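Spelled out, the chains give:
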Amino acid sequence: MSAPRHVVLAGVSGFIGAHLDSYYRGLGARVSRIGRSGPDARWGEREKIAALLEGADLLINMAGKSVNCRYHEANRREILRSRVETTRELREIVAGLKNPPPVWMNASTATIYRDARDRPMTESTGDIGSGFSVSIATAWEAEFFAGDLPGVRRVALRMAIVLGDGSALVPLTRLARLGIGGPQMDGRWPASRARLAAGTYHRFGGGGGRQKMSWVHIDDVISAIEFIREHEELDGAINVSSPGTVTNAEFMRELRRSVGAPFGMPAFRWMIEPAMAVLRTESEMILKSRWVIPETLENAGFTFGYPTLAPALTQIATYRAIPA
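Within each chain, residues carry numbers counting from 1 in the order of the written sequence. For this predicted model, a pLDDT threshold of at least 70 governs which residues receive local features, and a threshold of 80 or more governs which side-chain atom pairs are given and counted, while totals over whole chains, interfaces and linings are taken from all residues. For the side-chain quantities, the full set of heavy atoms in the structure was used; hydrogens and water were omitted.

*Asks:* Which residues make up the overall build of the chain, and what are the values?
*Replies:* Summing up its helical and strand segments, the chain has twelve helices and 13 strands in all. In this scheme, a residue with accessible area under 20% of its type's maximum is buried, one over 50% is exposed, and one in between is partly exposed, where area comes from a 1.4 Å probe on protein chains only. Counting only residues that meet the buried cut, the chain has 55% of its 324 residues in that class. Sequence separation of at least 24 residues holds for 78% of the intrachain contacts in the chain that already meet a minimum separation of 6. Here the open area of atoms and residues is found with the Shrake-Rupley method and a 1.4 Å probe, where only the protein chains shown may cover a residue. Accessible area of the chain: about 13,800 Å², with a carbon and sulfur share of 52%. Helix and strand definitions follow DSSP, with helices as H or I runs of at least four residues and strands as E runs of at least two, each counted in order from the N terminus. Residues are treated as being in contact if the distance between any of their heavy atoms lies within 4.5 Å.

Okay, here's the thing in structure tokens:
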């Protein structure tokens, strides 16, 4: 399959979207961008969006408020709305096109799976979890796959933690530099009644840093997207995660090494929660055990450029992508 001539990116202002924009422009493709401020079309401008999508080769939707925030009520509403409503708008527009894009890839998340410590989660054997983040993911995918779109191959990209400049490494690196970049463990922490009622608090299985951390390098995300576009047999939900899943203790050890942090104290939830509040993010990122295997991609013959963690972090640090 030849390189796409016209790619439409929704949510291009985010970390992954910006990399995709640069990549496809580097291939010589025309790239049209949809977002809150355009520049080619804004959300709600349905006629403009339809004109961009008519005859396009590829649609990729990465729109959605970053989950790197505190889960208070306003943020919870916006995390859901920014994913479901934008996906619905695109689906309704695509359904009315004469020549829709033959491939539509939509962002999703590997956190859709349960807290897994007993076995890895694959597309064929994974168990869907529970809680706030899972409810967002399931609603997002349900909207994406709703209805019939003849001639359009739809793929939900269940991405693990993406590593690169400006990614989820930012709060994790700051934890390391604060001296609490050792193994991170769940423990007793008095959740507020509001968080319990809202379902945003979830107690995970502890384990002394043995919880799994699935991850993927940004270069492999882009390569996987192109691989999926080129393989017409691939559709549905696909895990985009390196095969080199590590424990939390291993991840933090390699992160400390890559940024030159000399030590990292083990941290329980009662230590982590205040730090994550200062960093304006949630402890789920490091306490939930994400054990995700890219079964579909590997069975189809995809080769990861960064299958193991140490070279991935070294590459990022070498190019000064991890902030000081």
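*Asks:* Outline the environment of Leu52, listing residues and values.
*Replies:* Tracing the backbone shows Leu52 in helix α2 (residues 46-53). For Leu52 and Ile34, which are 18 residues apart along the polypeptide, the C-alpha to C-alpha distance reads 9.1 Å.

*Asks:* Residue-level account of the environment of Gly28, with values.
*Replies:* Relative to the assigned elements, Gly28 resides in the loop between α1 (15-26) and β2 (30-35). Among the residues examined, Gly28 registers a relative accessible area of 63% and is labelled exposed.

*Asks:* Outline the sheet that holds strand β1 (residues 6-10), supporting the account with residue identities and numerical values.
*Replies:* Backbone-to-backbone hydrogen bonds join strands into a sheet, with any given pair of strands oriented parallel or antiparallel. Strands qualify as paired when DSSP identifies two bridges or more between them. Overall, parallel pairing links the seven strands, which are arranged β3-β2-β1-β4-β5-β6-β11 in an open sheet. Both outer strands of the open sheet, β3 (41-42) and β11 (236-240), are each paired with one neighbouring strand and no more. With five bridges joining them, strand β6 (residues 153-159) and β11 adopt parallel strand pairing. Residue pairing in the sheet places Ala156 in a bridge with Ala237 of β11. Where helix α7 (residues 218-230) meets the sheet, its contacts fall on β4 (58-61), β5 (103-109), β6 and β11, and the angle it forms with β6 comes to roughly 160°. To obtain each axis, a line is fitted to C-alpha atoms, and for helices this fit is confined to the stretch in contact; angles are then taken between N-to-C directions over 0 to 180 degrees.

*Asks:* Help me get a handle on the packing of α1 against α7, residues and values and all.
*Replies:* Contact pair α1 / α7: the axes reach a minimum separation of 10 Å and the direction vectors enclose 60°. Viewed along their axes, α1 and α7 adopt a mutual orientation that is oblique. Between α1 and α7 lies a crossing of right-handed hand. Here α1 contributes Phe15, Ile16, His19, Leu20, Tyr23 and Tyr24 to the contact with α7, which in turn contributes Ile218, Val221, Ile222, Ile225 and Glu226. Three residue categories are used. Nonpolar comprises Ala, Val, Leu, Ile, Met, Phe, Trp, Tyr, Cys and Pro, charged comprises Asp, Glu, Lys and Arg, and polar comprises the others, including Gly. Among the residues forming the contact of α1 with α7, the class breakdown is nine nonpolar, one polar and one charged. For classification, angles of less than 35 degrees are called roughly parallel, those exceeding 145 degrees roughly antiparallel, those between 65 and 115 degrees roughly perpendicular, and all remaining angles oblique. Left-handed is the label given to a crossing in which the near helix is rotated counterclockwise from the far helix by less than a right angle, and right-handed is the label when the rotation is clockwise.

*Asks:* Explain the pattern of salt bridges to me, and be specific about the residues and the numbers.
*Replies:* Side chains bearing opposite charge may pair, as long as their charged atoms lie close to each other. The salt bridge definition used is simple: a Lys or Arg side-chain nitrogen within 4 Å of an Asp or Glu carboxyl oxygen. Inspection of the entire model under this criterion finds 15 salt bridges. Glu85 is the salt-bridge partner of Arg81, the closest N and O atoms lying 3.3 Å from each other. Here the residue Arg81 and the residue Glu85 both occupy positions in helix α3 (residues 73-95), the gap between them amounting to four residues, near one helical turn. Among the residues examined, Arg81 registers a relative accessible area of 33% and is labelled partly exposed. Among the ionic pairs, Asp127 bridges to Arg114, the shortest N-O distance being 2.9 Å. Highlighted residues: Asp127 in the loop between β5 and α4 (132-145) and Arg114 in the loop between β5 and α4, separated in sequence by 13 residues. For Asp127, a relative accessible area of 30% translates into the label partly exposed.

*Asks:* How would you sum up the packing of α3 against α4? Please name residues and give values.
*Replies:* For any two helices packed against each other, the geometry is given by the interaxial angle and the distance between the axes. One way to put it is that α3 packs onto α4 with a least axis distance of 9 Å and a crossing angle of 10°. In terms of their interaxial angle, α3 and α4 are classed as roughly parallel. Across the interface between the two elements, Arg76, Ile79, Leu80, Arg83, Val84, Thr87, Arg88 and Arg91 of α3 pack against Phe132, Ile136, Ala139, Trp140, Glu143 and Phe144 of α4. Here the contact of α3 with α4 is built from residues that sort into eight nonpolar, one polar and five charged.

*Asks:* Any chance you could break down the pairing of β5 for me, citing the residues and the numbers?
*Replies:* Side-chain positions along a regular strand alternate between the two faces of the sheet. Burial within β5 is extensive, with six of its seven residues counted as buried. Bridge analysis of β4 against β5 gives four bridges, and the strand direction is parallel. Bridge pairing in β5 links Ile60 to Met105. When β5 meets β6, the two strands line up parallel, connected through seven bridges. Counted as the bridge partner of Val103 is Arg153 from β6.

*Asks:* Any details on the confidence of the model for the chain? Residues and values, ideally.
*Replies:* Values of pLDDT, ranging from 0 to 100, describe the predictor's confidence in every residue of the model. For the chain, the mean per-residue pLDDT works out to 85, and 81% of the residues sit at or above 70. Within the model, the stretch residues 188-202 combines pLDDT values under 50 with 26 contacts to residues more than four positions away or in other chains.

*Asks:* Account for the packing of aromatic side chains, with residues named and values stated.
*Replies:* Working definition: rings of Phe, Tyr and Trp (its six-membered ring) pair if their centres are within 6.5 Å, and the pair is stacked with planes under 30 degrees apart, edge-to-face with planes over 60 apart, and tilted otherwise. The tally for this structure, following the rule as stated, stands at five aromatic pairs. With a centroid separation of 5.0 Å and 75° between ring planes, the pair formed by Tyr23 and Tyr24 is classed as edge-to-face. Between Phe302 and Phe304, the aromatic rings sit 4.8 Å apart at their centres with planes inclined by 85°, giving edge-to-face as the arrangement. Grouped by ring-pair contacts, the aromatic residues Trp104, Phe144 and Phe145 constitute a single cluster. A ring is scored as having a charge over it whenever the NZ atom of a lysine or the CZ atom of an arginine sits within 6 Å of its centre and within 35 degrees of its normal. The ring of Trp140 has Arg83 lying over it, and the distance from NZ or CZ to the ring centre is 4.9 Å. Seen from the ring of Trp291, Lys212 lies directly overhead, with NZ or CZ sitting 4.5 Å from the centre.

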